[in-house]
Amino acid sequence: DGFLASKRIGEKVYNGTGEDAQNIGSVNDVVIDSQGKVQAVVVGVGGFLGLGQKNVALDFSEVSWAGKNGDRWIVVNATKEQLEALAEFDPRPYEATVAVAPATSTAPADTTAMAPANEAVTDQTRTGAIDKSALTELPAHDITAKDIIGTTVYGANDAKLGEIGDVVLTADGKMDAVIIDAGGFLGIGEKKVAVGMYRLVFLTDAGGTKYLYTNLDKAQIDAAAAYDKSTWAERRDEQRIMIR
C-alpha cells in the first residue's frame, strides 16, 4: 500500500482514465515533509521532450492512482493549461545542506547540550545551489576536451545530472559531444548519455572549477538512448541529445 519514489519519478501524468485521457506532464520530483510524509509531487508541464518544461507542485491529496492497460497511471483532475498557469515550483528551500560548524576554540567541548547522534546541525548560511552570478562564461577557444572532463553537469532547476566522463571527437579533431555519466553510485550503475556540443555554454569560477548548466532533466536523461562507442558511427543521431 505504498510506492517507491524512484519508480514514480519520470512517470506520465494524465487528466483522467477514459479513452480520451491526455498526458499533461510527468513527475520530476517528490517533496517529503519533515515528518517523512509525501507533501507534493512536482510535475513538469509544457516544453518538448523535457526541454523548456515548467515544474509545478501538486498537493499529494490532489493526485490519484489508477490501473490502466496493465499499468498504473498517475491522475490529476486538471488540464495541461491549468497546470501551466500555476506558479513555478522553487526547489531552493529544500536544498539546504547539512553541516556541522567548525570549532572555534581548543577548549574541551561542552557535551551537555550536544544533539543526539542521529541529528545533524543545519548550517542556515549555505544552500546546495551554486552562486551562478559569480561564474563567468568560458570562451570557446579556451575549451579543451581534457579540461572539461570531470565537469559537473546541472539540469533543470539546477539539479545535478552527473559529470562529464568523456568527449567524442569528429574525424578532424573537433568536439562533437560530451558524455555525461549520469546516475549510479561511485561509478556503479551509471548511464552514459551523449549531448551534442551545439549551444553548450561552460562556466567557470575564480578558482578555475568548471560547470555546465543545461535545461535537461532526469526524465529526459532516463529516456535517452545510452551512448555506445561501438555503434556511435552509424547511430550517432539516435544516441546524441541536442540542446535546442
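Remember, predicted model here, so these are calculated numbers, not experimental data. (Residues numbered from 1 in each chain as written. Predicted model: local features only at pLDDT ≥ 70, side-chain atom pairs only at ≥ 80, totals over all residues. Heavy atoms only, no water.)

Observations regarding the nonpolar core
Next, step 1: Of all hydrophobic cores here, the largest spans 21 residues; its most connected members are I164, V178, V195, L200, F202 and L216.
Next, step 2: Going through the elements one at a time, β11 (160-169), β12 (175-182) and β13 (191-196) are the ones with two or more residues in this core.
Next, step 3: Apart from the residues within four sequence positions on either side, L200 is in contact with V178, V195, L212, T214 and I243.
Next, step 4: One finds V45, V56, I74 and L83 within the second-largest nonpolar core, a separate group that totals 13 residues. (Core = buried A, V, L, I, M, F, W, Y, C linked by side-chain atoms within 4.5 Å. Buried < 20%, exposed > 50% of the residue type's maximum accessible area, 1.4 Å probe, protein only. Helix = DSSP H or I, 4+ residues; strand = E, 2+ residues; numbered from the N terminus. Contact = heavy atoms within 4.5 Å.)

As for the environment of A21
Next, step 1: Within the secondary structure, A21 sits in the loop between β1 (12-14) and β2 (23-32).
Next, step 2: Separated by 54 residues in sequence, A21 and V75 place their C-alpha atoms 9.4 Å apart.
Next, step 3: When sequence neighbours within four positions are dropped, the list of residues in contact with A21 reads N15, G16 and W73.

Let's talk about the confidence of the model for the protein chain
Caution is warranted with low-pLDDT regions, since their predicted coordinates should not be read in detail.
Next, step 1: Chain-level pLDDT for the protein chain is 77 on average; 80% of the residues reach the 70-or-more range.
Next, step 2: The low-confidence segment residues 97-128, where pLDDT is below 50, has 15 contacts with residues more than four positions distant or belonging to other chains. (pLDDT = per-residue confidence, 0-100.)

Observations regarding the sheet that holds strand β9 (residues 136-137)
Next, step 1: Strand order in the open sheet formed by eight strands is β9-β14-β15-β10-β11-β12-β13-β16, and the pairing between neighbours is mixed. Where the open sheet ends on each side, the last strands, each with one partner, are β9 and β16 (240-241).
Next, step 2: Note: strand β14 (residues 202-204) against strand β15 (residues 210-213), three bridges, orientation antiparallel. Each residue of the ladder has a partner; that of T204, found in β15, is K210. (Pairing = 2+ DSSP bridges.)

A few points about the side chain of T231
Next, step 1: Along the chain, T231 falls in the loop between α4 (218-223) and α5 (232-239).
Next, step 2: For T231, a relative accessible area of 18% translates into the label buried.
Next, step 3: A distance of 2.7 Å separates a polar atom in the side chain of T231 from a polar atom in the side chain of Q239. (Polar contact = N/O pair within 3.5 Å; in protein donor to acceptor, adjacent residues only side chain to side chain.)

Focus on the sheet that holds strand β4 (residues 54-59)
Next, step 1: An order of β4-β3-β2-β1-β6-β5 is seen for the six strands of this open sheet, with the pairing classed as mixed. Across the chains shown, the open sheet's two edge strands, defined by having one partner strand only, are β4 and β5 (63-68). The sheet shows a mean angle of 45° between the axes of neighbouring strands, taken without regard to direction. (Axes fitted to C-alpha atoms, helices over the stretch in contact; angles between N-to-C directions.)

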